[in-house]
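Take a look at the letters that make up each chain.
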Amino acid sequence: MPPQSRRTKTATTDGVVPKGVAKTVPKPAKSSAKAPTKRDRIATELRRMISEGELPRGSRIQQDVLAAMFDTSITPVREALRLLEAEGVLVGEPHKGVRVADADFEQVKTVYLLRRLVEPYAMQRAARRLSPLDIDLAERLVTDMEQAAEEGDRARLNAANYQFHFLFYAKCGNEGLAAEIDQLWQKFPWDVLQVLHDRADETSNEHRSMLAAARLGDGDALAKATEWHLSRSFLALGRHLTGRPVADPFDVDND
């Protein structure tokens with residue numbers, strides 16, 4: 001689920017005021033990079049709002065509303081929108097402005113393939129670097145996710161899920177790798193995945209399996225549990241987006 005974002009005023013789109021405010025979650029690793037620009041901050045917050053369903057798929061983006069929300073001029077807003085258009089998060093339409101893109105199965109498949117390549121590897125590296133305190137925190141986060149799912153608190157579930165995974169990725173020993181995973185997460189349609197209620201129990205069991213492997217310090221088992229978790233999530237999402245069962249494209253015999 002999506003990266004850290006600062007708290008902001010409630011945003012509007014098409015005259016509707018979405019519920020909820022930004023949740024803060026930790027970045028995967030500290031960086032020596034320069035501070036984010038206004039454009040970057042706006043883009044980050046828009047990604048979060050889309051991933052948590054505050055900006056529904058297909059909704060129009062109003063530049064003047066965003067400028068007021070971030071207390072800035074139109075220029076950084078336009079720059080942020082262009083950036084998200086380039087990423088495929090937003091879609092520009094002639095004479096209609098910009099809207100939130102629908103979840104595209106082919107794009108989701110590409111992001112999934114990249115996640116399958118790097119996330120199990122990062123987990124395997126993290127297994128040898130985790131402290132007992134890290135494992136205890138991971139267990140509390142799994143419990144928090146389970147409670148949030150039971151209570152229907154999507155924003156809390158989103159934040160706890162991100163914190164759980166990036167607790168591991170931040171320990172992989174490669175800051176650049178954790179940052180690349182963070183970028184992939186920003187492109188994944190978490191808002192769509194969260195409406196799949198039949199995944200709640202499965203997801204909990206998968207997180208518990210990852211936790212058990214981490215507690216044993218078994219990097220191979222942790223990587224395999226992560227692969228299983230990613231594949232099950234993708235297959236459920238693919239079935240939802242296409243209306244039919246899909247094959248796992250990570251199998252080289254499947255297209």
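Scope of this entry: the structure provided in the associated data block. It should be emphasised that the depicted structure is a prediction, and the values quoted were computed from it without experimental measurement.

**So, the pairing of strand β3 (residues 97-100)**
Examined bridge by bridge, strand β1 (residues 60-61) and β3 share two bridges and lie antiparallel to one another. Following the sheet pairing, R60 is matched in β3 by R99. Of the strand pairs in this sheet, strand β2 (residues 90-93) and β3 are connected by four bridges, and their pairing is antiparallel. Residue pairing in the sheet places L90 in a bridge with V100 of β3. In this antiparallel pair of consecutive strands, β2 and β3, the connection spans three residues, and H95 shows a positive phi of 65°.

**Here we look at the sheet that holds β1**
Taken in spatial order, the three strands line up as β1-β3-β2 in an open sheet, and their pairing is antiparallel. Strand pairing shows two members of the sheet lacking a second neighbour, β1 and β2, which therefore form its edges. In this fold helix α3 (residues 74-87) packs onto β1, β2 and β3, with an angle of close to 105° to the strand it touches most, β2.

**Some points on the environment of A221**
With respect to the helices and strands, the residue A221 is situated in helix α10 (residues 219-242). Sequence-wise, A221 and M210 are 11 residues apart; in three dimensions their C-alpha atoms are separated by 7.8 Å.

**Thoughts on α3**
Under the 1.5 Å per step criterion, the end-to-end length of α3 is 20 Å for 14 residues, consistent within 8% with the ideal 20 Å. At its buried positions, α3 is contacted by α1 (38-51), β1, α2 (63-69), β2 and α4 (105-126). Of the residues trailing α3, G88 is marked for its positive phi of about 85°.

**Re the pattern of salt bridges**
Scanning the model with the defined rule gives 19 salt bridges in all. Here R39 ties to D40 by a salt bridge, and the two come within 2.7 Å at their closest N and O atoms. Classification of R39 as partly exposed rests on a relative accessible area of 30%. Measuring nitrogen to oxygen at the nearest pair gives 2.5 Å for the salt bridge that ties E93 to R60. With E93 in strand β2 and R60 in strand β1, this residue pair connects regions lying 33 residues apart in the sequence.

**Notes on the packing of aromatic side chains**
Per the stated rule, a full pass over the model turns up nine aromatic pairs. A centroid spacing of 5.2 Å and a plane angle of 75° characterise the contact between F164 and F168, whose relative ring orientation is edge-to-face. Within this pair, F164 and its partner F168 are both found in helix α6 (residues 154-169), separated by four residues, close to a single helical turn. The exposure class of F168 is buried, given its relative accessible area of 0%. Look at W185 and W190: their rings are 4.5 Å apart centre to centre, the planes differ by 40°, and that puts the pair in the tilted class. The pair formed by W185 and W190 is uniform in burial state, with each residue classed as buried.

**Here's the deal with helix α5 (residues 132-151)**
Here α5 spans 29 Å end to end across 20 residues, near enough to the 28 Å set by a 1.5 Å rise per residue. Turning to α5, its buried residues are D134, I135, A138, L141, V142, M145 and A148. Seen from one end, α5 has its buried residues packed into an arc of 140°, which puts them on one side. Facing away from the buried side of α5 by over 90 degrees, the exposed positions are P132, L133, R140, E150 and E151. Its buried side turned inward, α5 meets α6 and α9 (200-216). At the C-terminal side of α5, G152 shows a positive phi close to 75°.

About the criteria used
- All residue numbers refer to positions counted from 1 along the written sequence of the respective chain.
- The predicted origin of the model limits local features to residues at a pLDDT of at least 70 and limits the giving and counting of side-chain atom pairs to 80 or more, whereas totals for whole chains, interfaces and linings rest on all residues.
- Side-chain figures throughout are based on the complete set of non-hydrogen atoms in the structure, without hydrogens or water.
- A pair of strands is treated as paired once DSSP finds two or more bridges between them.
- Under the DSSP-based scheme used, a helix requires at least four consecutive residues in state H or I and a strand at least two consecutive residues in state E, with every element numbered from the N terminus.
- We call two residues contacting when some pair of their heavy atoms lies within 4.5 Å.
- Every axis in this analysis is a line fitted to C-alpha atoms, fitted for helices over the stretch in contact. Angles between the N-to-C directions lie between 0 and 180 degrees.
- To estimate the expected span of a helix, count its residues, drop one, and scale the result by 1.5 Å.
- Think of a salt bridge as a Lys or Arg side-chain nitrogen and an Asp or Glu carboxyl oxygen that are within 4 Å of each other.
- Each residue's exposure class comes from its accessible area (1.4 Å probe, protein chains only) as a fraction of the maximum for that residue type: buried when under 20%, exposed when over 50%, partly exposed otherwise.
- Geometry of aromatic contacts follows a simple scheme: Phe, Tyr and Trp rings, the Trp one being its six-membered ring, pair when their centres are within 6.5 Å, and the pair is stacked under 30 degrees between planes, edge-to-face over 60, tilted otherwise.
- Within this analysis, the arc is defined by the directions that extend from the helix axis to the C-beta atoms.

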